[in-house]
Amino acid sequence: MNILRTFSQLLALTAVLLPLALGSGSSQAQTHTTTQTLPRIDGFNVDEVKRLSPGVELNFEMDGTPGGQATLHIAGAVRNLTLAEVEAGHYLGTYTISSRDKIAAGSAVTANLRLKNQVTSVFLNESLQIGVGVHQTKSAPGSQPKIEHFNVDPAAALVGGSELYFSVFGTPGAQVDLAITGVRGKVFLPEVKSGEYANTYIIKNRDRITRNSVVTANMRLGEHVGSAILGKPLQSDSAPAPLQINRVCATCGVVESVNLIEVKGEGSYLGTIGGGVIGAILGNQVGAGTGRTVAQIAGALGGAYAGRALEAKSRTTNHFEVLVRLQNGTTQTVSFAAEPGFKVGDKVRVNAGMITHAP
(Lines give C-alpha, C1' and ligand atoms only; values in the text may rest on other atoms or scores of the structure.)
Protein backbone atom coordinates (compact mmCIF):
# COMPACT_ATOMS: atom_id res chain seq x y z
CA MET A 1 0.00 0.00 0.00
CA ASN A 2 2.88 2.36 0.84
CA ILE A 3 4.46 1.58 -2.54
CA LEU A 4 1.22 2.43 -4.34
CA ARG A 5 0.86 5.64 -2.34
CA THR A 6 4.44 6.66 -3.10
CA PHE A 7 4.01 5.88 -6.80
CA SER A 8 0.83 7.99 -6.88
CA GLN A 9 2.71 10.85 -5.24
CA LEU A 10 5.45 10.62 -7.87
CA LEU A 11 2.90 10.70 -10.69
CA ALA A 12 1.27 13.75 -9.16
CA LEU A 13 4.68 15.42 -8.84
CA THR A 14 5.46 14.65 -12.48
CA ALA A 15 2.19 16.27 -13.54
CA VAL A 16 3.34 19.44 -11.75
CA LEU A 17 6.90 19.36 -13.09
CA LEU A 18 6.01 18.69 -16.74
CA PRO A 19 4.28 22.06 -17.35
CA LEU A 20 7.17 23.79 -15.59
CA ALA A 21 9.66 22.06 -17.87
CA LEU A 22 7.74 22.99 -20.99
CA GLY A 23 6.90 26.54 -20.00
CA SER A 24 10.01 27.90 -18.35
CA GLY A 25 12.49 27.59 -21.22
CA SER A 26 11.56 30.86 -22.87
CA SER A 27 12.18 32.81 -19.68
CA GLN A 28 15.76 31.53 -19.48
CA ALA A 29 16.68 31.82 -23.14
CA GLN A 30 19.00 34.74 -23.74
CA THR A 31 17.70 37.30 -26.20
CA HIS A 32 19.78 39.63 -28.30
CA THR A 33 18.35 42.68 -30.02
CA THR A 34 20.17 44.03 -33.05
CA THR A 35 19.70 47.11 -35.14
CA GLN A 36 18.42 46.31 -38.61
CA THR A 37 19.13 48.25 -41.75
CA LEU A 38 16.22 49.53 -43.80
CA PRO A 39 16.46 47.87 -47.23
CA ARG A 40 16.95 50.08 -50.28
CA ILE A 41 15.40 49.90 -53.73
CA ASP A 42 17.71 51.51 -56.28
CA GLY A 43 15.78 50.73 -59.47
CA PHE A 44 12.45 49.29 -60.63
CA ASN A 45 11.46 48.55 -64.23
CA VAL A 46 8.96 46.67 -66.41
CA ASP A 47 9.25 45.63 -70.05
CA GLU A 48 6.18 47.27 -71.59
CA VAL A 49 4.07 45.03 -73.81
CA LYS A 50 1.97 45.69 -76.93
CA ARG A 51 -1.26 44.44 -75.35
CA LEU A 52 -2.54 43.30 -71.96
CA SER A 53 -4.41 40.07 -72.64
CA PRO A 54 -4.45 36.56 -71.07
CA GLY A 55 -1.19 34.70 -71.64
CA VAL A 56 0.93 37.84 -72.07
CA GLU A 57 4.01 37.98 -69.82
CA LEU A 58 5.07 41.05 -67.86
CA ASN A 59 8.79 41.01 -67.03
CA PHE A 60 9.87 43.01 -63.98
CA GLU A 61 13.31 43.74 -62.58
CA MET A 62 14.41 45.48 -59.44
CA ASP A 63 17.77 46.50 -57.99
CA GLY A 64 18.31 46.98 -54.28
CA THR A 65 19.69 45.59 -51.05
CA PRO A 66 21.01 42.02 -51.47
CA GLY A 67 19.58 39.12 -49.51
CA GLY A 68 16.02 40.44 -49.25
CA GLN A 69 12.60 39.11 -50.21
CA ALA A 70 11.21 41.00 -53.22
CA THR A 71 7.51 40.93 -54.09
CA LEU A 72 5.19 43.11 -56.12
CA HIS A 73 1.47 43.67 -56.49
CA ILE A 74 -0.31 44.78 -59.67
CA ALA A 75 -3.66 46.50 -59.25
CA GLY A 76 -6.28 44.28 -60.86
CA ALA A 77 -4.18 41.11 -60.58
CA VAL A 78 -5.54 38.13 -58.65
CA ARG A 79 -2.14 37.16 -57.20
CA ASN A 80 1.15 38.71 -56.16
CA LEU A 81 4.51 38.07 -57.79
CA THR A 82 7.72 37.04 -56.03
CA LEU A 83 10.96 38.18 -57.66
CA ALA A 84 14.01 35.91 -57.61
CA GLU A 85 17.44 37.29 -56.71
CA VAL A 86 19.45 36.17 -59.74
CA GLU A 87 22.59 37.93 -58.56
CA ALA A 88 23.47 40.03 -55.52
CA GLY A 89 20.86 42.81 -55.29
CA HIS A 90 19.31 42.12 -58.72
CA TYR A 91 15.78 40.66 -58.67
CA LEU A 92 13.76 39.35 -61.64
CA GLY A 93 10.24 38.02 -62.05
CA THR A 94 7.61 37.33 -64.72
CA TYR A 95 3.85 37.71 -64.26
CA THR A 96 1.66 35.85 -66.76
CA ILE A 97 -1.72 37.52 -67.19
CA SER A 98 -4.64 35.14 -66.56
CA SER A 99 -8.25 35.34 -67.72
CA ARG A 100 -9.29 36.41 -64.23
CA ASP A 101 -6.96 39.42 -64.11
CA LYS A 102 -8.27 42.95 -64.70
CA ILE A 103 -4.96 44.62 -65.48
CA ALA A 104 -4.97 47.92 -67.37
CA ALA A 105 -2.19 49.97 -68.90
CA GLY A 106 -2.26 52.36 -65.97
CA SER A 107 -2.62 49.76 -63.21
CA ALA A 108 -0.56 50.75 -60.19
CA VAL A 109 2.37 48.42 -59.45
CA THR A 110 3.91 48.35 -55.97
CA ALA A 111 7.28 46.70 -55.28
CA ASN A 112 8.25 45.65 -51.76
CA LEU A 113 11.68 44.63 -50.54
CA ARG A 114 11.76 42.97 -47.11
CA LEU A 115 14.88 42.41 -45.03
CA LYS A 116 13.96 40.62 -41.79
CA ASN A 117 11.14 42.81 -40.40
CA GLN A 118 12.03 45.97 -42.35
CA VAL A 119 10.20 46.75 -45.61
CA THR A 120 10.77 49.38 -48.29
CA SER A 121 8.16 50.05 -51.00
CA VAL A 122 8.21 51.97 -54.28
CA PHE A 123 5.61 52.57 -56.99
CA LEU A 124 6.13 52.09 -60.70
CA ASN A 125 5.27 55.35 -62.44
CA GLU A 126 5.50 53.85 -65.91
CA SER A 127 2.77 52.24 -67.96
CA LEU A 128 2.57 48.50 -68.53
CA GLN A 129 1.69 49.01 -72.19
CA ILE A 130 3.75 50.49 -74.99
CA GLY A 131 2.71 53.94 -76.10
CA VAL A 132 0.69 54.90 -73.03
CA GLY A 133 3.51 56.75 -71.28
CA VAL A 134 4.37 57.60 -67.71
CA HIS A 135 1.76 57.71 -64.98
CA GLN A 136 1.10 61.33 -64.23
CA THR A 137 1.12 62.36 -60.60
CA LYS A 138 -2.02 64.23 -59.62
CA SER A 139 -1.28 67.80 -58.63
CA ALA A 140 -2.48 68.80 -55.21
CA PRO A 141 -2.90 72.20 -53.59
CA GLY A 142 -0.22 73.41 -51.23
CA SER A 143 3.54 73.87 -51.35
CA GLN A 144 5.47 71.60 -53.70
CA PRO A 145 8.71 69.79 -52.76
CA LYS A 146 11.64 71.81 -54.03
CA ILE A 147 14.86 70.62 -55.67
CA GLU A 148 17.52 73.16 -54.78
CA HIS A 149 20.52 71.49 -56.40
CA PHE A 150 20.96 68.62 -58.87
CA ASN A 151 24.42 67.36 -59.78
CA VAL A 152 26.30 64.45 -61.36
CA ASP A 153 29.90 63.34 -61.18
CA PRO A 154 30.44 62.62 -64.92
CA ALA A 155 32.17 59.48 -66.15
CA ALA A 156 35.24 59.38 -68.36
CA ALA A 157 33.47 56.90 -70.66
CA LEU A 158 29.81 55.91 -70.91
CA VAL A 159 30.32 52.14 -71.18
CA GLY A 160 29.13 49.15 -69.20
CA GLY A 161 30.54 49.24 -65.66
CA SER A 162 31.18 52.98 -65.58
CA GLU A 163 29.73 54.88 -62.63
CA LEU A 164 27.58 58.01 -62.54
CA TYR A 165 27.20 59.55 -59.09
CA PHE A 166 24.03 61.63 -58.76
CA SER A 167 23.11 63.92 -55.88
CA VAL A 168 19.99 65.97 -55.22
CA PHE A 169 19.46 68.52 -52.45
CA GLY A 170 16.04 69.79 -51.46
CA THR A 171 12.98 69.16 -49.30
CA PRO A 172 13.64 66.52 -46.59
CA GLY A 173 11.53 63.38 -46.21
CA ALA A 174 10.65 62.96 -49.90
CA GLN A 175 11.18 60.19 -52.46
CA VAL A 176 13.52 61.00 -55.35
CA ASP A 177 13.89 59.11 -58.62
CA LEU A 178 15.68 59.81 -61.88
CA ALA A 179 14.60 59.26 -65.46
CA ILE A 180 17.68 58.92 -67.70
CA THR A 181 17.26 58.89 -71.46
CA GLY A 182 18.68 55.59 -72.68
CA VAL A 183 18.06 53.74 -69.39
CA ARG A 184 15.04 51.52 -68.79
CA GLY A 185 13.05 52.24 -65.65
CA LYS A 186 13.81 54.63 -62.83
CA VAL A 187 16.88 55.13 -60.67
CA PHE A 188 16.05 55.83 -57.02
CA LEU A 189 18.09 58.14 -54.81
CA PRO A 190 17.78 57.33 -51.10
CA GLU A 191 17.94 60.13 -48.53
CA VAL A 192 21.44 59.80 -47.07
CA LYS A 193 21.08 62.89 -44.90
CA SER A 194 18.22 65.25 -44.17
CA GLY A 195 17.39 66.82 -47.54
CA GLU A 196 20.30 65.12 -49.32
CA TYR A 197 19.61 62.30 -51.79
CA ALA A 198 22.41 60.41 -53.52
CA ASN A 199 23.23 57.20 -55.31
CA THR A 200 25.69 55.72 -57.80
CA TYR A 201 24.29 54.34 -61.05
CA ILE A 202 26.45 51.66 -62.67
CA ILE A 203 25.96 51.73 -66.44
CA LYS A 204 24.67 48.45 -67.88
CA ASN A 205 25.78 47.07 -71.25
CA ARG A 206 22.24 47.39 -72.58
CA ASP A 207 22.01 51.12 -71.75
CA ARG A 208 22.11 53.67 -74.55
CA ILE A 209 23.41 56.65 -72.62
CA THR A 210 25.05 59.51 -74.48
CA ARG A 211 27.00 62.51 -73.30
CA ASN A 212 23.91 64.72 -73.52
CA SER A 213 21.21 62.25 -72.41
CA VAL A 214 18.47 64.14 -70.60
CA VAL A 215 18.23 63.32 -66.90
CA THR A 216 15.12 64.38 -64.98
CA ALA A 217 14.91 64.26 -61.19
CA ASN A 218 11.47 63.91 -59.60
CA MET A 219 10.95 64.64 -55.92
CA ARG A 220 7.68 63.27 -54.50
CA LEU A 221 6.11 64.08 -51.17
CA GLY A 222 2.62 62.59 -50.92
CA GLU A 223 0.69 63.83 -53.95
CA HIS A 224 3.09 66.70 -54.50
CA VAL A 225 5.91 66.45 -57.01
CA GLY A 226 8.76 68.73 -58.01
CA SER A 227 11.09 68.16 -60.95
CA ALA A 228 14.41 69.40 -62.25
CA ILE A 229 16.53 68.67 -65.33
CA LEU A 230 20.25 68.07 -65.02
CA GLY A 231 22.16 70.97 -66.55
CA LYS A 232 25.48 69.30 -67.32
CA PRO A 233 26.74 66.43 -69.55
CA LEU A 234 27.16 62.89 -68.27
CA GLN A 235 30.61 62.46 -69.81
CA SER A 236 33.69 64.52 -69.12
CA ASP A 237 36.14 65.54 -71.80
CA SER A 238 38.96 64.02 -69.77
CA ALA A 239 39.27 61.95 -66.62
CA PRO A 240 37.21 63.84 -64.05
CA ALA A 241 38.94 65.53 -61.17
CA PRO A 242 37.74 64.29 -57.77
CA LEU A 243 34.75 66.29 -56.62
CA GLN A 244 34.47 67.49 -53.04
CA ILE A 245 31.60 65.13 -52.35
CA ASN A 246 31.54 62.37 -49.81
CA ARG A 247 30.42 59.40 -51.84
CA VAL A 248 28.14 56.99 -50.05
CA CYS A 249 28.93 53.31 -50.50
CA ALA A 250 25.82 51.33 -49.60
CA THR A 251 27.79 48.23 -48.55
CA CYS A 252 30.90 49.84 -47.00
CA GLY A 253 31.40 50.26 -43.29
CA VAL A 254 33.53 49.78 -40.19
CA VAL A 255 33.33 47.02 -37.59
CA GLU A 256 31.87 48.63 -34.47
CA SER A 257 31.78 45.61 -32.17
CA VAL A 258 32.41 41.86 -32.06
CA ASN A 259 30.28 40.07 -29.46
CA LEU A 260 30.20 36.49 -28.18
CA ILE A 261 26.55 35.52 -27.73
CA GLU A 262 25.48 32.62 -25.55
CA VAL A 263 22.07 31.13 -26.27
CA LYS A 264 20.90 28.99 -23.40
CA GLY A 265 19.27 25.69 -24.26
CA GLU A 266 16.07 24.29 -22.86
CA GLY A 267 15.63 21.11 -20.89
CA SER A 268 12.84 18.90 -22.22
CA TYR A 269 10.29 16.89 -20.30
CA LEU A 270 12.47 13.81 -20.80
CA GLY A 271 15.29 15.38 -18.81
CA THR A 272 12.86 16.53 -16.15
CA ILE A 273 11.11 13.19 -15.70
CA GLY A 274 14.33 11.20 -16.03
CA GLY A 275 16.02 13.31 -13.37
CA GLY A 276 12.96 13.00 -11.16
CA VAL A 277 12.93 9.21 -11.40
CA ILE A 278 16.64 8.99 -10.56
CA GLY A 279 16.16 11.36 -7.64
CA ALA A 280 13.25 9.30 -6.36
CA ILE A 281 15.32 6.11 -6.53
CA LEU A 282 18.13 7.74 -4.58
CA GLY A 283 15.64 9.09 -2.06
CA ASN A 284 14.31 5.60 -1.57
CA GLN A 285 17.63 4.68 0.04
CA VAL A 286 17.13 7.17 2.87
CA GLY A 287 15.27 6.43 6.12
CA ALA A 288 12.17 4.29 6.47
CA GLY A 289 8.41 4.65 6.59
CA THR A 290 7.15 8.23 6.27
CA GLY A 291 10.70 9.59 6.23
CA ARG A 292 11.52 7.48 3.23
CA THR A 293 8.40 8.74 1.40
CA VAL A 294 9.41 12.36 2.07
CA ALA A 295 12.93 11.63 0.85
CA GLN A 296 11.54 10.08 -2.32
CA ILE A 297 9.45 13.16 -3.07
CA ALA A 298 12.32 15.54 -2.26
CA GLY A 299 14.66 13.46 -4.38
CA ALA A 300 12.20 13.45 -7.28
CA LEU A 301 11.79 17.24 -7.08
CA GLY A 302 15.50 17.96 -6.87
CA GLY A 303 16.35 15.35 -9.49
CA ALA A 304 13.78 16.75 -11.90
CA TYR A 305 15.28 20.23 -11.79
CA ALA A 306 18.82 18.86 -11.88
CA GLY A 307 17.99 16.67 -14.89
CA ARG A 308 16.45 19.57 -16.72
CA ALA A 309 19.39 21.89 -15.88
CA LEU A 310 21.96 19.34 -17.10
CA GLU A 311 20.09 18.83 -20.36
CA ALA A 312 19.73 22.61 -20.84
CA LYS A 313 23.45 23.12 -20.27
CA SER A 314 24.30 20.48 -22.85
CA ARG A 315 22.14 22.33 -25.38
CA THR A 316 23.69 25.77 -24.77
CA THR A 317 25.24 27.19 -27.95
CA ASN A 318 27.60 30.07 -28.64
CA HIS A 319 28.01 32.26 -31.70
CA PHE A 320 29.65 35.54 -32.62
CA GLU A 321 27.87 38.65 -33.87
CA VAL A 322 29.73 41.36 -35.77
CA LEU A 323 28.10 44.81 -35.78
CA VAL A 324 29.06 46.97 -38.78
CA ARG A 325 28.37 50.70 -39.00
CA LEU A 326 27.71 51.51 -42.67
CA GLN A 327 28.67 54.78 -44.35
CA ASN A 328 25.04 55.89 -44.51
CA GLY A 329 24.81 55.75 -40.70
CA THR A 330 22.82 52.53 -40.40
CA THR A 331 24.08 49.24 -38.99
CA GLN A 332 24.05 45.59 -39.98
CA THR A 333 24.69 42.60 -37.75
CA VAL A 334 26.08 39.34 -39.16
CA SER A 335 26.28 36.11 -37.15
CA PHE A 336 29.19 33.63 -37.24
CA ALA A 337 29.25 30.12 -35.78
CA ALA A 338 32.99 30.45 -35.01
CA GLU A 339 35.56 33.19 -34.46
CA PRO A 340 34.85 35.61 -37.39
CA GLY A 341 38.36 36.98 -37.84
CA PHE A 342 37.32 40.65 -37.64
CA LYS A 343 38.21 43.23 -35.02
CA VAL A 344 36.81 46.62 -34.05
CA GLY A 345 37.87 49.28 -36.55
CA ASP A 346 38.27 46.97 -39.55
CA LYS A 347 37.03 48.43 -42.84
CA VAL A 348 34.65 45.94 -44.42
CA ARG A 349 31.93 45.40 -46.99
CA VAL A 350 28.59 43.72 -46.21
CA ASN A 351 26.96 41.93 -49.13
CA ALA A 352 24.14 39.36 -49.03
CA GLY A 353 24.70 38.71 -45.32
CA MET A 354 28.47 38.17 -45.73
CA ILE A 355 31.33 40.38 -44.50
CA THR A 356 34.61 40.81 -46.38
CA HIS A 357 37.62 43.00 -45.69
CA ALA A 358 37.64 46.22 -47.73
CA PRO A 359 40.86 47.52 -49.28
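Calculation criteria
Residues numbered from 1 in each chain as written. Predicted model: local features only at pLDDT ≥ 70, side-chain atom pairs only at ≥ 80, totals over all residues. Heavy atoms only, no water. Helix = DSSP H or I, 4+ residues; strand = E, 2+ residues; numbered from the N terminus. Buried < 20%, exposed > 50% of the residue type's maximum accessible area, 1.4 Å probe, protein only. Contact = heavy atoms within 4.5 Å. Areas by Shrake-Rupley, 256 points an atom, 1.4 Å probe, with all protein chains shown as cover. pLDDT = per-residue confidence, 0-100. Polar contact = N/O pair within 3.5 Å; in protein donor to acceptor, adjacent residues only side chain to side chain. Pairing = 2+ DSSP bridges. Axes fitted to C-alpha atoms, helices over the stretch in contact; angles between N-to-C directions.

### Focus: the overall build of the chain
- Summing up its helical and strand segments, the chain has 4 helices and 20 strands in all.
- Looking at the chain as a whole, 41% of its 359 residues are labelled buried.
- Counting only contacts in the chain whose residues sit at least 6 apart along the sequence, the fraction spanning at least 24 positions is 66%.
- When the accessible surface of the chain is split by element, carbon and sulfur atoms take 56% of a total near 19,400 Å².

### A short note on the confidence of the model for the chain
- Overall, the prediction assigns the chain a mean pLDDT of 76, with 68% of residues at 70 or greater.
- Within the model, the stretch residues 136-140 combines pLDDT values under 50 with 7 contacts to residues more than four positions away or in other chains.
- Throughout residues 239-245 the model reports pLDDT below 50, and contacts reaching past four residues in sequence, or to other chains, amount to 10 contacts.

### A look at the side chain of Asn-151
- On the secondary structure map, Asn-151 appears in strand 8 (residues 147-153).
- Among the polar contacts made by the side chain of Asn-151, one reaches the side chain of Lys-232 at a distance of 3.2 Å.

### Remarks on the pairing of strand 10 (residues 175-180)
- Note: strand 10 against strand 14 (residues 215-221), 6 bridges, orientation antiparallel. Residue Gln-175 lies in a different strand from strand 14, and its bridge partner there is Arg-220.
- Between the end of strand 10 and the start of strand 11 (residues 186-189), which pair antiparallel, lie 5 residues, with Gly-182 showing a positive phi angle near 100 degrees.

### As for the pairing of strand 3 (residues 69-74)
- Alternating positions in strand 3 separate cleanly, Ala-70, Leu-72 and Ile-74 being buried on one face and Gln-69, Thr-71 and His-73 remaining unburied on the opposite face.
- The pairing of strand 3 with strand 6 (residues 109-115) spans 6 bridges and is classified as antiparallel. In the strand pairing of strand 6, Gln-69 is matched with Arg-114.
- When strand 3 meets strand 4 (residues 81-87), the two strands line up antiparallel, connected through 3 bridges.

### A look at the sheet that holds strand 8
- An order of 8-9-13-12 is seen for the 4 strands of this open sheet, with the pairing classed as antiparallel. Strand pairing shows two members of the sheet lacking a second neighbour, strand 8 and strand 12 (191-193), which therefore form its edges. Neighbouring strand axes in the sheet, compared pairwise and without regard to direction, differ in orientation by 25 degrees on average.
- The pairing of strand 9 (residues 163-170) with strand 13 (residues 196-202) spans 7 bridges and is classified as antiparallel.

### A short note on the sheet that holds strand 11
- Read from one edge to the other, the open sheet built from 11 strands follows the order 7-6-3-4-5-2-1-11-10-14-15, with strand pairing classed as antiparallel. Sheet topology places strand 7 (118-124) and strand 15 (224-229) at the edges, where each strand pairs with a single neighbour. Strand-to-strand twist across the sheet, computed as the mean angle between neighbouring axes with direction ignored, equals 25 degrees.
- The pairing of strand 14 with strand 15 spans 6 bridges and is classified as antiparallel. The residue of strand 15 that forms the bridge with Arg-220 is Val-225.

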